[in-house]
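Residue-level structure breakdown
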Amino acid sequence: MRIAVCPGSFDPVTKGHLDIIERASKLFDKVIVLVSFNPSKRATAAFTIQERMEFILRVTEDMDNILVDCNSGLLADYLKETRACAIVKGLRAVSDFEYEFQMALANKKLYPDAETVFLTTSAENMYLSSSVVKEIASLGGDISGFVPEQILEDIKSRLKP
Ligand code: PNS
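In short, a report on the structure. For clarity, every value in this text was computed on a predicted model and none was experimentally measured.

Focus: the site of the ligand
- Near the ligand there are 15 residues, and of these Ser9, Phe37, Asn38, Lys41 and Leu75 occur at the shortest range.
- One nitrogen or oxygen atom from the side chain of asparagine 38 is found 2.8 Å from an oxygen atom belonging to the ligand.
- Within the backbone of leucine 75, one N or O atom sits 2.8 Å away from an oxygen atom of the ligand.
- Burial of the ligand by the protein amounts to 83% of the accessible area it has alone, namely 540 Å².
- Where the shell around the ligand is concerned, the elements lending two or more residues are strand S1 (3-8) and helix H4 (97-110).
- Ranked by residue count, the leading element in the shell around the ligand is H4, at four residues.
- For the shell around the ligand, the per-class residue count stands at seven nonpolar, six polar and two charged.

Digging into the nonpolar core
- The biggest cluster of nonpolar side chains holds 33 residues, and the ones touching the most others in it are Val31 and Ile155.
- Every element with two or more residues in this core is listed here: S1, helix H1 (15-27), strand S2 (30-36), helix H2 (49-59), strand S3 (66-71), strand S4 (86-91), helix H5 (130-138) and helix H6 (149-159).
- If sequence neighbours within four positions are ignored, isoleucine 155 has contacts with Pro12, Phe47, Phe55, Ile143 and Val147.
- Among the nonpolar cores identified, the runner-up in size contains twelve residues, and Ile32, Leu75, Ala76 and Tyr78 belong to it.

Describing H5
- Residues of H5 that are buried: Ser130, Val133, Lys134 and Ala137. Angularly, the buried residues of H5 cover 95° about the axis, an arc narrow enough to put them on a single face.
- Contacts made by the buried residues of H5 are with H1 and H6.
- Looking one or two places after H5, you find glycine 140, whose phi comes out positive at around 80°.

Side note on the packing of H2 against H6
- Viewed as axis vectors pointing N to C, H2 and H6 meet at an angle of 155°, and their least axial separation amounts to 9 Å. Between H2 and H6, the angle falls in the class roughly antiparallel. The segment H2 lies against H6, with Glu51, Phe55, Arg58 and Val59 engaging Gln150, Ile151, Asp154, Ile155 and Arg158.
- Broken down by class, the residue content of the contact of H2 with H6 amounts to four nonpolar, one polar and four charged.

Describing the pairing of S4
- In terms of residue burial, S4 counts as a mostly covered element, since five of its six residues are buried.
- As judged from the two bridges shared by S1 and S4, these two strands associate in the parallel manner. Bridging across to S4, alanine 4 finds its partner in alanine 86.
- Regarding topology, H4 serves as the crossover connection from S4 to the parallel strand S5 (residues 115-120), and that connection is right-handed.

About the criteria used
Sequence order as written defines residue numbering, which begins from 1 separately in each chain. Where totals are concerned, whole chains, interfaces and linings use all residues; where local detail is concerned, this predicted model gives features only for residues with pLDDT of at least 70, and gives and counts side-chain atom pairs only at 80 or more. Note that water and hydrogens are dropped before the side-chain values are worked out from all heavy atoms of the structure. The rule for a residue being near a molecule or strand is that one of its heavy atoms must lie within 4 Å of it. Polar contact criterion, stated in full: a pair of N or O atoms within 3.5 Å, where within protein one must be able to donate a hydrogen and the other to accept it, and residues adjacent in sequence count only if both atoms are side-chain atoms. Here, Shrake-Rupley sampling with a 1.4 Å probe gives the accessible areas, and only protein chains in the shown set may cover a residue. Helix and strand assignments follow DSSP, with helices taken as H or I runs no shorter than four residues and strands as E runs no shorter than two, numbered in order from the N terminus. When residues are grouped by polarity, Ala, Val, Leu, Ile, Met, Phe, Trp, Tyr, Cys and Pro land in nonpolar, Asp, Glu, Lys and Arg in charged, and all others, Gly among them, in polar. Grouping buried Ala, Val, Leu, Ile, Met, Phe, Trp, Tyr and Cys residues that are joined through side-chain atoms within 4.5 Å yields what is termed a nonpolar core. Per-residue accessibility, obtained with a 1.4 Å probe over protein chains only, is compared with the maximum for each type, and a residue is labelled buried under 20%, exposed over 50%, and partly exposed between these values. Any two residues whose heavy atoms approach within 4.5 Å are treated as being in contact. Think of it as the arc spanned by the lines of direction from the helix axis to the C-beta atoms. Axis definition: a line fit to C-alpha positions, over the contact stretch in the case of helices; interaxial angles, taken between N-to-C directions, run 0 to 180 degrees. Throughout this description, any angle smaller than 35 degrees is read as roughly parallel, any larger than 145 degrees as roughly antiparallel, any in the 65 to 115 degree range as roughly perpendicular, and the remainder as oblique. In short, DSSP must find at least two bridges between two strands for them to pair. Crossover handedness is defined here as right-handed if the route from the first strand over the helix to the second strand goes clockwise, with the strands pointing away from the viewer.

Here you go:
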C-alpha cells in the first residue's frame, strides 16, 4: 500500500489545501493529512490542533482514503512509523520554493525512504494562504472564496472582528 503524508499547519484548512489533498488522494492508496507543528507559526496560531483536525475531517468526509492525524515531533519520524513513501506538498508562487526545497532536502536526509512530491497549486489558489484567510476574516472581509463551504461559518464566527 502506497501511503503519502500531507503535512502542514492547516490553521485553518483552505480551498488550496483541499485541492492538493483531493489530487493526492487520486495518486496514493492512502493519504494522511497531518496537522504538524511549525515553530515559526506558534505566535500566529488561531485554532487549536483539535479544531484544525476537526475542520479537515469535515471537508474530507466524502473521500474514503483520507486519514487525519497530528504530530508534534519530527515529520521524518512520523514517516518512518507509518511507512509512508511520500510527502505531498502544494507549491504556489516562486516564494514558496526555497523554504520547501530546504525542507524536502532535510527530510530526505533524515528519512531517505520517502520522496517529497510537489503538486502545482491550481491557478485560482495561487495567492491563497491560511494567513491571508485569517487577516481578511479578522477585518470583516468575505472569505467564502477561500475556505470550504462546510467550515465557513465556524471560521467566520471565530475570527470575526
Ligand atoms: O503549513 P506549513 O506551516 O508551511 O507546514 C510546515 C510543516 C508543519 C510541514 C513543517 O514545519 C514540519 O514538517 N514540521 C514538523 C517538524 C519537522 O519535521 N521539522 C523539520 C522539517 S525539515
